[in-house]
Structure formats: C-alpha cells, structure tokens
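Residue-level structural notes
Okay, here's what each chain looks like letter by letter:
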Amino acid sequence: CGVKRENFTIDENSFQSALKDCMFKSSDADILNDLFTMWDEEGFGFVSYRTFLAGLSPLACGDCYTIGSALSFSMKLIDPGKTGCITPVRVYELLVAINKTAGFLGDPVLKAVEIQDIVKHVFLRQSHTRTHKDVLPRLERHPSIAKFVNGRGTQRYRPTGEDKHKGEERRGGIPRNRKSIGHRLYEA
C-alpha cells in the first residue's frame, strides 16, 4: 500500500490523436475537448492524467449501476500501480475532479467543505493509506455522496461571461433537462 507514481500528464496533441483513434461522435469529442480545456487550468496544453481520468470516470463507466461500482472504477483508474490502496489526498482529488466535471456539465455539486467532511469521515481524521475495500463502504454510506449522486448537490455551476447568454444551454452545450451524472449512472 505504499507505491507512489509520478503525476503523469496527457498533452493536447496526444489527447487529440486519441480522440481521433477512438472515433467519438463530434458532440462527444466537443465535450471532451471542453473538459480538457477546463482541466488545463494554466493553458500549457497538458493535464494531469489522474485528475482528467478521475473527472471523466462517472461518464466512462458504462456498467456501473451502483455508487460502489462507480467509485471502485474511479479509484482503479487513478491507481496505475494497481496497489488497491488510496490516501486521503487521492480520495479528495478524486471527489473534487468528479465534482468539477459535474459542475461543468451543469449538475448540482458539493461544496468544498462537504468534500473535506467526506474525506475526514472516511479516514476517521487519520492521514494514513487505506485499501479501496476499506474506503468504499464509508464513501457509499456518506450522506453527502448520496445527495450528490441523486442530483441534490448544494451548489450549481454559475455561468460567467458569454455563458450567461446561452439561454437554454449550459457550458458545453449540455441541455438543462439532461440527467445528472448521478442519475444517469446510478439508477438501476
């Protein structure tokens, strides 16, 4: 449970090549490009693979029908060493990434303090590494996770600039009546 990996990056050229190789529909590719741009906060043309995959994980997990299976999938994606372990920092980063992507898509999101409370609860205020199997049940049962998954986050993305004038659409052209990440993935 102690293997550390470098925080590898995905550069924009490799990302574009992967999009082309995977033959995404143009609307999906546009959303993925917008998400890449969102995660490229400094504008240097690369993003952390761990953060990017964590943020995309709820959208990429086609057979995740429970909160646990979706979170397990997400944790595996950001565990390249296949250690089966995760730190409080990684759980926080994972939840922030999923939350940020949900906000980008217009879904209700959690406040930063709620995410911090989740991590404190899961790790019982201790800072040591735990196994995925130990972390998952605590995450699944946390009331803020249930609230988020059911599309009842306490905040919404607030458009700025030109996004304010898009009327019936939110950032990325996502219609208002689209199901939230939580509703789409976790309804049985």
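Keep in mind that what you see is a predicted model, and the values were worked out from it rather than measured.

Our focus in this paragraph is the overall build of the protein. Within the protein, the regular secondary structure consists of 9 helices and 6 strands. Burial analysis of the protein (188 residues in total) assigns 40% to the buried set. Long-range pairs, those at least 24 residues apart, make up 72% of the contacts in the protein between residues at least 6 apart in sequence. As presented, the protein carries roughly 10800 Å² of accessible surface, and 51% of it is formed by carbon and sulfur atoms.

Turning our attention to the packing of helix α2 (residues 26–39) against helix α3 (residues 49–60). Where α2 meets α3, the axes come as close as 10 Å, and the angle between the chain directions of the two elements is 145 degrees. Once α2 is placed against α3, the crossing between them reads as right-handed. Of the residues in α3, those in contact with Leu32, Leu35, Phe36 and Trp39 of α2 are Thr51, Phe52, Leu56 and Leu59. The class makeup of the residues in the contact of α2 with α3 is 7 nonpolar, 1 polar and no charged.

Glancing now at helix α6 (residues 112–123). Over its 12 residues, α6 extends 17 Å from the first C-alpha to the last, a length consistent with the 16 Å expected when each residue adds 1.5 Å. Where α6 is buried, its residues touch β3 (85–86), α5 (88–104), β4 (130–131), α7 (132–141) and α8 (143–149). Just downstream of α6, Leu124 is the residue with a positive phi angle, here 50 degrees.

Moving on to the nonpolar core. Counting 38 residues, the largest nonpolar core has Leu35, Phe52, Val91, Leu95, Val135 and Leu139 as its most contacted members. Going through the elements one at a time, α1 (12–22), α2, α3, α4 (67–77), α5, α6, α7 and α8 are the ones with two or more residues in this core. Per-element tally for this core: the top contributor is α5, with 7 residues. Non-local contacts of Val91, meaning those with residues more than four positions away in its chain, are made with Ile86, Val119, Phe123, Val135 and Leu139.

In the contact formed by α6 and α7, the axes pass within 9 Å of each other and the chain directions differ by 130 degrees. In this view, α6 runs oblique relative to α7, as classed from their interaxial angle. The two elements α6 and α7 cross, and the hand of that crossing is right-handed. Counting all contacts with α6, which are made through Ile118, His121, Val122 and Phe123, the residues of α7 involved are Val135, Arg138 and Leu139. Among the residues making up the contact of α6 with α7, the classes are represented as 5 nonpolar, 1 polar and 1 charged.

Conventions we followed
- Residues numbered from 1 in each chain as written.
- Predicted model: local features only at pLDDT ≥ 70, side-chain atom pairs only at ≥ 80, totals over all residues.
- Heavy atoms only, no water.
- Helix = DSSP H or I, 4+ residues; strand = E, 2+ residues; numbered from the N terminus.
- Buried < 20%, exposed > 50% of the residue type's maximum accessible area, 1.4 Å probe, protein only.
- Contact = heavy atoms within 4.5 Å.
- Areas by Shrake-Rupley, 256 points an atom, 1.4 Å probe, with all protein chains shown as cover.
- Axes fitted to C-alpha atoms, helices over the stretch in contact; angles between N-to-C directions.
- Left-handed = near helix turned anticlockwise from the far one by under 90°.
- Nonpolar A, V, L, I, M, F, W, Y, C, P; charged D, E, K, R; others polar.
- Expected span 1.5 Å × (residues − 1).
- Core = buried A, V, L, I, M, F, W, Y, C linked by side-chain atoms within 4.5 Å.
- Parallel < 35°, antiparallel > 145°, perpendicular 65-115°, else oblique.

These values are about where atoms sit, not about what they do.
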